[in-house]
2 protein chains.
Amino acid sequence: MQKRSFTINGESVTYYFAGCFSMLRTLADPAKTVLITDENVFRHHEKRFKGWNCIVLKAGEAYKTQETVNSIIEQLVELETDRSFTLVGIGGGVITDLTGYVASVYMRGLRFGFIPTTLLALVDASIGGKNGIDVGVYKNLVGIIRQPDFLLHDLIFLNTLPDAEWVNGFAEIIKHAAIKDAALFRELEANNLTYYRKKKKEACRLIERNVLLKTRVVLNDPTEKGDRKLLNFGHTLGHALENQYELSHGEAISIGMTYASRLSASLTGFRQADRVIALLDRYELPTYAEYDKERVFSVLKMDKKKSRDQIYFVLLEKLGKAVYRPLSFDHLYETL
Amino acid sequence: MQKRSFTINGESVTYYFAGCFSMLRTLADPAKTVLITDENVFRHHEKRFKGWNCIVLKAGEAYKTQETVNSIIEQLVELETDRSFTLVGIGGGVITDLTGYVASVYMRGLRFGFIPTTLLALVDASIGGKNGIDVGVYKNLVGIIRQPDFLLHDLIFLNTLPDAEWVNGFAEIIKHAAIKDAALFRELEANNLTYYRKKKKEACRLIERNVLLKTRVVLNDPTEKGDRKLLNFGHTLGHALENQYELSHGEAISIGMTYASRLSASLTGFRQADRVIALLDRYELPTYAEYDKERVFSVLKMDKKKSRDQIYFVLLEKLGKAVYRPLSFDHLYETL
């Protein structure tokens, strides 16, 4: 186990890398803690939850909604949860987003922590304090930015992770490499999914590298005024596709990264679009989708990253170096 | 017009005392602003809202709920509200609480300001950045603390304020005097409602004095770890009564202050309980209520200010000096 602490925008966050679920008792008093998880995690790991107050939610992005928030709040009231309590989200990004959001607004804020159980949550969703819910087709339309007090990693949860969830996680790992870390990009090109799934030590190292990469970006820009925006590479179009076509988050941003790489070729002179696309393909991610352009555009126009007539888009200049550029909707419409 | 700026917990807040609604154009661009108000304010002042995007809500505490938040968010989406927008709440405490809350979570936070239109909102509800909604009988169970960018006072709105709303406002003014300002307490004893309603200049002075009193408390303790808790004088029991018995906020906390003053007599040796009760009575506030003790206690047990077996209660030591004390539920139950 390795412990690392950071202060992000005045809030302290401690990571426990390569830790163990049983350590949770040293971080939170079971009598003053409510664990929030989903049916999948609970079914596979029921015995770990013994002796804890639990709220078990239906699994899936479809439940990242206000209705679920209402139901969590109702259960917190039943459990007589007061301000002295800690909430701990144990699951993928949907669970950590919901837990962080509820903990930020229930009684105007409780202490909270995460045990991310998916690769995607480990390397991305659990980091940076963004939380929130979807409203209709608009992803994360409602939420706030607040950091968890702690993140405890126990890679035992990866043993029960479905194949598709490994693929999902690699979409964000490839994103990190493409925008910030050319050496990581080359490492990924030299390996594949099976390699990281078999070599636990390599997976561990890969996760820690990605956590620290994202954390450094967030540290330098906690409220997303500058560099943090680069983490949205592939996400602008990706989010517009995701809820409408029932793609997983990884699939959606993989398609988003494909388009953004091609767009970069024409707008910044980026020469490695083929390598980005080949790497996505190597990690079994989709790089093409048929979609209804009008429908996707109507969602793009509500994107949080837009001003009235233009949208900010993350482009690549070279591998490991991304830039943030305004594009007019007209230009984007023609190019897509 | 007098302008005063403060920085509370890193957030800047500017008050425009004795200002004018028409100044709003200098604070927010109509093309990038949505005004949020209620039917009462809108009906009385419709012409002022011309040329602005407006969301008009049903009036009353019964609508300070998640359903109303959902409806505001839906309307913001329809108005294509993006992160460059400002929300302005124009109304009493329900409107400022709802506006501040929605502005804090929509797209993870928009700029917002208030034009408080009731005496209660002017001297209390609009100040300090607490916002939120009720959940069932639990007042303000959900919310966050975030400061408005500006507060614009235009006392023209007081001309259309019903009598009961004047009384409501004086409950918080008397609270401020009792916990922090013995000189103000004596001033209030020497005057009455009619005096302040007739003398606009005196009302103006009284409002500014109360705003600055509360602001100083909040400034010294933005996250309610210490002195700010004293502002809850009368509120613990008051909130438990308010939603259950359809009392106005002022009426409920007036009864709460009556009980807290009597409790102070037995717990701190406070000798002026009769003067507090006489002053509440002078400003036409109730000082007695029949209520179902069991029912009120079940709500008290969920109060945000409680730990498991005890509740923190604000008591008076003398006029202008309050203290914060833990009381066991058993003790409180016997005493009430």
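This write-up is about the structure you can find in this document. (Residues numbered from 1 in each chain as written. Chains lettered and ligands numbered in written order. Predicted model: local features only at pLDDT ≥ 70, side-chain atom pairs only at ≥ 80, totals over all residues. Heavy atoms only, no water.)

Quick look at the sheet that holds strand S6 (residues 111-116) of chain B
Residues and elements named next belong to chain B.
Right, so step 1: With mixed pairing, seven strands are arranged side by side in an open sheet as S1-S2-S9-S6-S5-S3-S4. Of all strands in the sheet, those bounded by a partner on one side alone are strand S1 (2-8) and strand S4 (53-57). Taking each pair of neighbouring strands and ignoring which way they run, the sheet shows an average axis angle of 20°.
Right, so step 2: Of the pairings in the sheet, the one linking strand S3 (residues 33-38) to strand S5 (residues 86-91) comprises five bridges and is parallel in character. Across the sheet, residue isoleucine 36 finds its bridge partner in S5, namely glycine 89.
Right, so step 3: The strands that helix H4 (residues 93-105) touches are S3, S4, S5 and S6; relative to S5, the one it contacts most, it runs at about 165°.
Right, so step 4: Lying on the sheet, helix H9 (residues 200-220) is in contact with S1 and strand S2 (11-17); it crosses S1 at an angle near 15°. (Pairing = 2+ DSSP bridges. Helix = DSSP H or I, 4+ residues; strand = E, 2+ residues; numbered from the N terminus. Axes fitted to C-alpha atoms, helices over the stretch in contact; angles between N-to-C directions. Contact = heavy atoms within 4.5 Å.)

Digging into the sheet that holds strand S4 (residues 53-57) of chain A
Residues and elements named next belong to chain A.
Right, so step 1: Read from one edge to the other, the open sheet built from seven strands follows the order S1-S2-S9-S6-S5-S3-S4, with strand pairing classed as mixed. Of all the strands in the sheet, just strand S1 (2-8) and S4 have a single pairing partner and so form its edges. Across the sheet, the mean angle separating the axes of adjacent strands is 20° when strand polarity is ignored.
Right, so step 2: Strands in contact with helix H4 (residues 93-105) are strand S3 (33-38), S4, strand S5 (86-91) and strand S6 (111-116); relative to S5, the strand with the most contacts, it is inclined by about 165°.

Focus on the relation of the copies chain B and chain A
Right, so step 1: If you rotate chain B by 180° and push it 0.0 Å along the axis, it lands on chain A with an RMSD of 0.0 Å. Here the symmetry operator amounts to a two-fold rotation axis. (Least-squares fit on C-alpha atoms with pLDDT ≥ 70 in both.)

Points about the nonpolar core
Right, so step 1: Tyr106(A), Phe170(A), Leu188(A), Tyr106(B), Phe170(B) and Leu188(B) are the most contacted members of the largest nonpolar core, which has 197 residues in total.
Right, so step 2: The contacts of Phe170(B), once residues within four sequence positions are left out, are Leu119(B), Leu188(B), Leu193(B), Tyr196(B), Leu206(B), Tyr283(B) and Leu285(B). (Core = buried A, V, L, I, M, F, W, Y, C linked by side-chain atoms within 4.5 Å. Buried < 20%, exposed > 50% of the residue type's maximum accessible area, 1.4 Å probe, protein only.)

Comments concerning helix H9 (residues 200-220) of chain A
All names here are of chain A.
Right, so step 1: In this model H9 runs 30 Å from its N-terminal to its C-terminal C-alpha over 21 residues, within 8% of the 30 Å that 1.5 Å per residue would give.
Right, so step 2: Along H9, the positions that sit buried rather than exposed are Ala203, Leu206, Ile207, Asn210, Val211, Leu212, Leu213, Lys214, Thr215, Val217 and Val218.
Right, so step 3: Looking at the buried residues of H9, the elements they touch are S1, strand S2 (11-17), helix H5 (119-125), helix H6 (163-180), helix H7 (182-190) and helix H8 (193-198). (Expected span 1.5 Å × (residues − 1).)

Quick notes on the pattern of salt bridges
Residues and elements named next belong to chain A.
Right, so step 1: Going through the model one piece at a time under the given rule, you end up with 34 salt bridges over all chains.
Right, so step 2: Of the charged contacts, one joins glutamate 317 and lysine 321 as a salt bridge, the two residues approaching to 3.6 Å between their closest N and O atoms.
Right, so step 3: Glutamate 317 gets classed as partly exposed once you look at its relative accessible area, which sits at 31%. (Salt bridge = Lys/Arg side-chain N within 4 Å of Asp/Glu carboxyl O.)

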